[in-house]
Structures are given as C-alpha cells and as structure tokens.
Amino acid sequence: MWPFSKNKSLEFPDFWWEYEEHFKEKLPEGIHENTFVVLDTETTGFSLTKDRMLCIGALKLRDNTIVVKESFEVYIQQEHYDSESAEIHGILKHSKKSTISELEALKQFLEYAKNHILVGHHVIFDVNMMNAALKRNGLPKLKNKTLDTESLYIRTLLMSSVVQKKERYALDDLAKKFSISRKDRHTALGDAFITAIAFLRTIEKLKPQKIKDLLR
C-alpha cells in the first residue's frame, strides 16, 4: 500500500498531493522558459473501459532542445491483450521486458510530468487513457495543460492559401512532411521522439511569442 496523508480532506496517496503541489506555481510566460513533456502510450486498443496501457514513453523539451537523458519509459503489467494491436506495437503478453504495476507507472509519470505542459499527437487519447487508469486506482484526473501536434500543424497550414488541407493528419504525415525517421515508429518512446521533433518544427513555423499563443 502507498503511504497516505492523514491531514488531507481526501485520502489520496502522498505522491498525488506532491503532484498537485506543482500546480500552485504559475507556468512561465515565455516559450523557451517552459518545459514540455512529449508523451505517447501504447495500448491494447482504443476503448477507455476495456483496454489498458502497455507502455508510457515520454521526453522533455527545454529551450527547443530534446533532453534525451531525461527520457521516460515504463512497461505496465497487464492481463488483457489484443492480438491485432500487438501486431502494431509489438509488445507481447509474455515479453521479457521488465514491467511494473499500473499504479506504480502512474506514480512515476506524475513525478516526471509535474505541472509541465503535455504534448502529444492526438494527445487527448493518451490523456484519456491515463485518466481512465487514474480512476481505476481511485485518483483524480490529470491537471496538466495539453497541446496537440495535429492541431498545431493544421494552424501552420492555415497560414498558406495554396496547401490542400485534409481533415486528419496522422503522425506519419508529420514525419513525412518534416523528413523525420520512422525507424522506431509504434513504440511509445519512438513515437514520442517523432512527435517531439514535429512539435519543434511546427513551433518554428508558428513563431509564438508567449505560451498563451500556443494554448489558445
């Protein structure tokens, strides 16, 4: 069992209250003063109720630089597997990778993410999967602000009248557009790395002055 604080009105583990403490600090106004956490999850499928996270991968961005030495990757113990999704992410039920419990994975991610802005491609899916896991473990939802690389990329297209726009853009579309290697595609950390580069390239085009220019 996790240690619980007795002096809180709600009984959540200490690591949750430590996570919440970070949100008492205001995010810096400048783009280069912020730390971004670029994340990706590999899951057994797309259902928030039936499916589960198998892996969480994340990287930190500071001052337009990917901080590779601070990368985050955890594999999660799960009984539920889907053969079709396993063909995509390659995480097998009897894999020899070291795994941890879902609660421990959430704890480690909250300690890593703090109050930083979360960046992802179709980031709401990853956030919703994490929120479903948090709910299963009796915890509230994530409090972090989020940025979606698809939405940001579409904003760059709105600046051009000659580009033919599509309704949806996959991560592969952005990788192709920005000539990013897809060698580790469909691994959580590999996709987070592709997303991080795509985010940086998109920021170059948008030229935001303040963090509020991205969050609008």
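All values reported here derive from a predicted model rather than from experimental measurement.

Draft legend 1. Main features of the overall build of the protein. When its secondary structure is counted, the protein shows 8 helices and 6 strands. Starting at the N terminus and ending at the C terminus, the protein contains elements arranged as α-β-β-β-α-β-α-β-α-β-α-α-α-α. Split into buried and exposed, the 216 residues of the protein put 48% on the buried side. Partitioning the intrachain contacts of the protein with sequence separation of at least 6 by distance along the chain shows that 67% fall at a separation of at least 24. Carbon and sulfur atoms provide 50% of the accessible area of the protein, an area that totals close to 12200 Å².

Draft legend 2. How the structure looks around unusual backbone geometry. A positive phi is found at Asn64, a non-glycine position, where the angle reads about 60 degrees. By secondary structure assignment, the location of Asn64 is in the loop between strand S2 (53-62) and strand S3 (65-76). Positive phi, normally seen in glycine, also occurs at Lys114, with a value near 50 degrees. One can find Lys114 in the loop between helix H3 (102-113) and strand S5 (117-120).

Draft legend 3. Broad picture of empty space enclosed by the protein. All chains considered together, the criterion is met by 1 cavity of 30 Å³ or more. Roughly 70 Å³ of volume is contained in the largest cavity. Around the largest cavity, the lining residues are Ile31, His32, Asn34, Phe36, Leu61, Arg62, Asp63, Asn64, Phe199, Leu200 and Ile203. Looking at the lining of the largest cavity, the elements with two or more residues in it are S2 and helix H7 (188-206). The biggest single contributor to the lining of the largest cavity is H7, with 3 residues.

Draft legend 4. Structural detail: the side chain of Asn34. Mapped onto the secondary structure, Asn34 falls in the loop between helix H1 (14-21) and strand S1 (35-43). By relative accessible area, Asn34 is classed as buried at 3%. Polar contacts involving the side chain of Asn34 include one to the main-chain carbonyl oxygen of Gly30, which spans 2.8 Å. Contact partners of Asn34, with chain neighbours within four places excluded, come to Leu27, Pro28, Glu29, Leu61, Arg62, Asp63, Ile117 and Ile211.

Criteria and thresholds
- Residues numbered from 1 in each chain as written.
- Predicted model: local features only at pLDDT ≥ 70, side-chain atom pairs only at ≥ 80, totals over all residues.
- Heavy atoms only, no water.
- Helix = DSSP H or I, 4+ residues; strand = E, 2+ residues; numbered from the N terminus.
- Buried < 20%, exposed > 50% of the residue type's maximum accessible area, 1.4 Å probe, protein only.
- Contact = heavy atoms within 4.5 Å.
- Areas by Shrake-Rupley, 256 points an atom, 1.4 Å probe, with all protein chains shown as cover.
- 1 Å grid on protein atoms, 1.4 Å probe; cavity = no way out; pocket = protein on both sides within 12 Å on 5 of 7 lines; lining within 4 Å.
- Points joined across faces, edges and corners; volume = space filled by probe spheres on them.
- Polar contact = N/O pair within 3.5 Å; in protein donor to acceptor, adjacent residues only side chain to side chain.

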